[in-house]
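# Fold and contact review
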Amino acid sequence: AAVSDNAANMLLGFANYGSAGCAVHSMQLCVNSFLASPGIEEMRVKQKGIVNHFHKSTGLDGLNGLFSCMRATGCPVHHPVRACMTRWSSDYKQMEWFRYQQMSVQRYDTVHSTKAGWAYREHQLNLDDWQLNEQSCAVLAPLADWTQHLQGSKTYPTMPLVLPTVFALIEHTLPESCLLYTSPS
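Here is what the cut-offs are and how they apply
- Residues numbered from 1 in each chain as written.
- Predicted model: local features only at pLDDT ≥ 70, side-chain atom pairs only at ≥ 80, totals over all residues.
- Heavy atoms only, no water.
- Helix = DSSP H or I, 4+ residues; strand = E, 2+ residues; numbered from the N terminus.
- Buried < 20%, exposed > 50% of the residue type's maximum accessible area, 1.4 Å probe, protein only.
- Phe/Tyr/Trp six-rings, centres within 6.5 Å; stacked < 30°, edge-to-face > 60°.
- 1 Å grid on protein atoms, 1.4 Å probe; cavity = no way out; pocket = protein on both sides within 12 Å on 5 of 7 lines; lining within 4 Å.
- Points joined across faces, edges and corners; volume = space filled by probe spheres on them.
- Nonpolar A, V, L, I, M, F, W, Y, C, P; charged D, E, K, R; others polar.
- Core = buried A, V, L, I, M, F, W, Y, C linked by side-chain atoms within 4.5 Å.
- Contact = heavy atoms within 4.5 Å.
- Patch = residues over 30% accessible without salt bridge, like charges linked within 9 Å, V, L, I, M, F, W, Y side chains within 5 Å.
- Areas by Shrake-Rupley, 256 points an atom, 1.4 Å probe, with all protein chains shown as cover.
- Salt bridge = Lys/Arg side-chain N within 4 Å of Asp/Glu carboxyl O.
- Axes fitted to C-alpha atoms, helices over the stretch in contact; angles between N-to-C directions.
- Parallel < 35°, antiparallel > 145°, perpendicular 65-115°, else oblique.
- Arc of directions from axis to C-beta.
- Disulfide = S-S within 2.5 Å.

Following the sequence through the fold, Arg71 ends up in helix α4 (residues 63-73). Judged by its relative accessible area of 55%, Arg71 falls in the exposed class.

The next subject is the packing of aromatic side chains. Per the counting criterion, the structure on display carries five aromatic pairs. An angle of 75 degrees between the planes, with centres 4.9 Å apart, marks the rings of Phe54 and Tyr108 as edge-to-face. Here Phe54, found in helix α3 (residues 40-56), pairs with Tyr108, found in helix α6 (residues 102-111); they are 54 residues apart in sequence, far enough to count as distant. Comparing Phe54 with Tyr108 shows no difference in burial state: the two are buried.

What follows covers empty space enclosed by the protein. This structure, assessed with the given rule, holds one cavity of 30 Å³ or more. Its volume calculated, the largest cavity comes out at about 40 Å³. Every residue along the wall of the largest cavity is listed here: Val24, Gln28, Arg87, Trp88, Ser89, Thr147 and Gln151. Going through the elements one at a time, α2 (23-35), α5 (88-100) and α9 (127-151) are the ones with two or more residues in the lining of the largest cavity. A class-by-class count of the residues in the lining of the largest cavity yields two nonpolar, four polar and one charged.

So, about the nonpolar core. One finds Leu66, Trp88, Phe98 and Leu140 to be the most contacted residues of the largest nonpolar core, which totals 33 residues. Looking at which element gives the most residues to this core, the answer is α9, with seven residues. When neighbours within four sequence positions are excluded, Phe98 is seen to be in contact with Gln47, Ile50, Val51, Val105, Leu125, Trp130 and Asn133.

The subject of this paragraph is a nonpolar patch on the surface. A grouping of Leu163, Phe167 and Ile170 is seen on the molecular surface, where their side chains present a nonpolar patch of about 290 Å² in accessible area. Along the chain, Ile170 turns up in helix α10 (residues 159-173).

For the pair α3 and α5, the least separation of the axes is 11 Å and the interaxial angle reads 75 degrees. By the criterion of interaxial angle, the relationship of α3 to α5 is roughly perpendicular. Here α3 contributes Met43, Arg44, Gln47, Lys48, Ile50 and Val51 to the contact with α5, which in turn contributes Asp91, Gln94, Met95 and Phe98.

In this section: α6. Within α6, burial applies to Ser104, Val105, Tyr108 and Asp109. The buried residues of α6 occupy an angular sector of 145 degrees when projected down its axis, which confines them to one face. Buried residues along α6 sit in contact with α3, α4, α5, α7 (113-116), α8 (118-121) and α9.

With that out of the way, let us pick up the layout of surface pockets. When its volume is computed, the second largest pocket comes out at roughly 310 Å³. If you trace the second largest pocket, you find 18 residues lining it, with Arg44, Lys48, Ala83, Met85 and Asp91 closest to the centre. Going through the elements one at a time, α2, α3 and α5 are the ones with two or more residues in the lining of the second largest pocket.

Working definition: the covalent bond between the sulfur atoms of two cysteines is a disulfide. Counted under the stated rule, the structure contains zero disulfides. Of all cysteine sulfurs in the structure, the one in Cys69 sits closest to Cys75, which takes part in no disulfide; the separation is 10.0 Å. Note on Cys75: relative accessible area 12%, which makes it buried.

Across all of its chains, the model carries five salt bridges by this definition. For Glu96, the salt bridge is made with Arg99, and the minimal N-O distance between the two is 2.8 Å. Here Glu96 pairs with Arg99, and both are found in helix α5, just three residues apart, close to one helical turn. Judged by its relative accessible area of 12%, Glu96 is buried. When salt bridges with common partners are traced through the structure, they connect Arg44, Lys48 and Asp91 into a single cluster.

Quick look at the structure:
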């Protein structure tokens, strides 16, 4: 059997040989849908704008100012993570960076944002954005672990690797109670 991405031409091309869509690609499509949902997409635009600000501005009111805020808050000094369009896990890593550096970024907002300029202030995160980021990281963490596990294998993921990880992921994400509405009778 051949494994390909889920493009119609790939599945059609391998139809006579037995084929399966790539589990990691399918996961990426699901996560992309999650990241494009209302609220999350707007928060991600702000995060990317903040990261771009620090990428372009390295002076005292840019990246160096952020580093001083990291030291002042006791957070580890790390460059902001840039997201790559072809890997959803880079979006997750960027969101995780914001989760770990929340105090530093908020301190930067207080100390440096007026000097940083309008382009930075336009992307500042509000309390709802910070809460949404925290919740989104909690949703994406098991999916990121699963993707890393499958991509980290020396060979292509095979069914003996894919199936147990899919079932573990399903078990991890199952709700604790029934989500279906049952009318009281």
